[in-house]
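Structural characterization, general
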Amino acid sequence: MKYKELANEVHNMGNSEQMRASMDNVISDFLDDIKQEHPEKYECIMEDLFAAVLGPHFTEDTCKKAVSDMQNVDGSIGEHWDMEQTTQAARQVGIQFTSFNMYDWYYTLNMMWSDYSNVFGNDSNTYDVTINDSKTQEHNFITKTKCFPHQVESIEYGLEHDKFILGDEQGLGKTKSAIDLAVNLKHQGKIKRCLIICGINGNKYNWEEEVAIHSNEKCWVLGTRYRKNGNRYEGSGKDKLDDLSKLPEHFFLVTNIETMRALAKNEGTAKRRKMVFPIAEKIAELCDNNEIGMIVFDECQMAKNPDSQQGKAMLKISANHMLAMSGTPIMNNPLEAYFPLKWLGFETHSFYQFKNHYCTMGGFHNSEIRGYKNLSELRQAFEDVMLRRTKKGVLNLPPKIHSKEYVIMDKEQQKLYDDVLTGIKEDIDKIRLHPDPLSQMIRLRQTTGYPGILSSTIKSSSKLLRCEEMVRDEVKNGGKVIIFSQWKQMTDEVVNVLKDLRPLYINGDVKTEDRMKSVNAFQNDDDFKVIVGTIGAMGTGLTLNAANTVIFLDEPWNRALKDQAEDRAHRIGTKGTVIIKLPLLNYSSIYF
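Residues numbered from 1 in each chain as written. Predicted model: local features only at pLDDT ≥ 70, side-chain atom pairs only at ≥ 80, totals over all residues. Heavy atoms only, no water.

To continue, consider the packing of helix H9 (residues 204–214) against helix H22 (residues 512–524). The description of two helices packed together rests on the angle between their axes and the distance between the axes. Across the interface, H9 lies against H22 with an axial gap of 8 Å and an inter-helix angle of 55°. As summarised for this structure, H9 and H22 are arranged oblique, according to the angle between their axes. Residues Lys204, Tyr205, Asn206 and Glu209 of H9 lie in contact with H22, whose contacting residues are Thr512, Glu513, Met516 and Asn520. Looking at the contact of H9 with H22 residue by residue, the class counts come to two nonpolar, three polar and three charged. (Axes fitted to C-alpha atoms, helices over the stretch in contact; angles between N-to-C directions. Helix = DSSP H or I, 4+ residues; strand = E, 2+ residues; numbered from the N terminus. Parallel < 35°, antiparallel > 145°, perpendicular 65-115°, else oblique. Contact = heavy atoms within 4.5 Å. Nonpolar A, V, L, I, M, F, W, Y, C, P; charged D, E, K, R; others polar.)

A word on the pattern of salt bridges. Across all of its chains, the model carries 31 salt bridges by this definition. Here Lys192 makes a salt bridge to Glu291, at a shortest N to O gap of 3.0 Å. Of the two residues, Lys192 is situated in the loop between helix H8 (174–187) and strand S4 (194–198) and Glu291 in the loop between helix H11 (278–288) and strand S11 (294–298); the sequence distance between them amounts to 99 residues. Owing to a relative accessible area of 48%, Lys192 belongs among the partly exposed residues under this scheme. For Glu291, a relative accessible area of 22% translates into the label partly exposed. Across the salt bridge formed by Glu566 and Lys400, the nearest N and O atoms sit 3.0 Å from each other. Of the two residues, Glu566 sits in helix H24 (residues 559–566) while Lys400 sits in strand S16 (residues 400–408), which places them 166 residues apart along the sequence. Taking the relative accessible area as the measure of exposure, Lys400 reaches 25% and is therefore partly exposed. (Salt bridge = Lys/Arg side-chain N within 4 Å of Asp/Glu carboxyl O. Buried < 20%, exposed > 50% of the residue type's maximum accessible area, 1.4 Å probe, protein only.)

Before going further, it helps to spend a moment on the confidence of the model for the protein. Scored by pLDDT, the protein has a mean of 80; 75% of the residues are at 70 or more. In this model residues 73–80 is a low-confidence stretch, pLDDT under 50, and it forms 22 contacts with partners more than four residues away in sequence or in other chains. (pLDDT = per-residue confidence, 0-100.)

Tallied over the entire structure, the rule returns seven aromatic pairs. Ring centres 4.9 Å apart and planes at 70° place the aromatic pair Tyr157 and Phe164 in the edge-to-face group. The interplanar angle of 75° and the centroid separation of 4.7 Å between the aromatic rings of Phe251 and Phe252 together place this pair among those described as edge-to-face. Per residue, the accessibility class of Phe251 equals that of Phe252, and both read buried. Three or more aromatic residues joined by ring pairs form one cluster here, namely Tyr338, Phe351, Phe354 and Tyr358. A cation over a ring is seen here: Arg227 above Tyr233, with NZ or CZ 4.1 Å from the ring centre. We note Lys562 situated over the ring of Phe552; from NZ or CZ to the ring centre the distance is 5.1 Å. (Phe/Tyr/Trp six-rings, centres within 6.5 Å; stacked < 30°, edge-to-face > 60°. Lys NZ or Arg CZ within 6 Å of the ring centre and 35° of its normal.)

Structure (structure tokens):
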């Protein structure tokens, strides 16, 4: 197509001013030809052009309104495209442009030439993306949905590295990157099937939906069965093993990490007993036979102990192409680097050897970790096999603003807090000796959230009252809100207090297939403005970027868990500033 070829020439000029002027001419000629030869396509293409310039976070309706408003401001728009005129017209109707990035601009246009190739007689429903840049080699990729440049880089990296860690910050679209990589490996004849193992059980059906969005491949969740009424459910470990024994035709297979140890049993004599993992061993056999050519391990940070049944089962499986994914690959301590490195085959030492090399040991029988050493060496080993980008580095996302809301603890809540604090002081010696002293402080933290967790008579909560006020204000102004807590008793009460707003609810008791129904309702239905969930169940793996406000009624000890939860809203597709609110109780100048 001559426009795509001309765009490539413009891109290779390298001078921004010259490139901008030439690109304006390319777009103008393109639009003139479309308007004359294919007028029915003109408005749709104009909307996409505005979406490309205004940034990737505009809805279809916003783009349509932008086209209409801007044509009213400047009648020349559509007759001759000019970047400066477009910018000025947009600002006159209240549209704020994102910062101008020439590479992103070129890339989006390049995608559009392919997107609308059917206008010129090509009915292909996939994009043939050609990136020709000094930083990258030329590649032709098959993708159903448009990629950001960093996602193209992920495909390139995956085609050059059979095994690696994709450690992009949460919210950068790792799921799409993995799907596109698998599809392109299949297109190149390198794999027959891709198995996705979810470190978090609830993410299985999210993967199923993402596969449908970003590829034309079929996806099967292992163990899926259907009742007589047509409702599906997740079957037993035996059902999952049956699926592996009689592989469905689907390209993507999805399961959770717990499946690896399902049906595990001891075999052999008393002296030579060994643990057998039928499902993991069947997967290993399919990998050896090249029936499964790629394994994606999502949320790989959830596997920490190589000596657990789950860890042993995971370490039995290996494929020609392996991808470990996590936005927070190391959450608590450096030893968490061991499992992904071992699973991918980059670490050959035992866990005992690894621990002694990177930890300073002491205490009883030299068994306690007193500190860490050789961390620069470990960091380098990790970085050598990991591709990691941050949102700040590759996207122009709207800002994420943190806000603290200070409230005063009421008298009843103060009394209960004092009673709990007195009990802790009396047991302080026991708490000091406890291997996890922070866990012994949970009752104190729960008192500051919702006293009803600990008391059958004291139910009032200043923090909960302030939360209700914030939520109702946001909903009244047309916003959508996510509410997090660590404790189900707390989220149960939040749902009860806000029941007139019909809040959606995700906790550990919600079936995995039902979680996606709640996510879709929150994302796509304006009748649902509030979603409530525990950090453990709703804090990872889900996209909730319809929200403009996230409220934490309490914070986890681990900062990485909070970052994960925050970024359910602040990720690719976020349309505006995300406010992270933390209500804090003030009691004797101490804040909780």
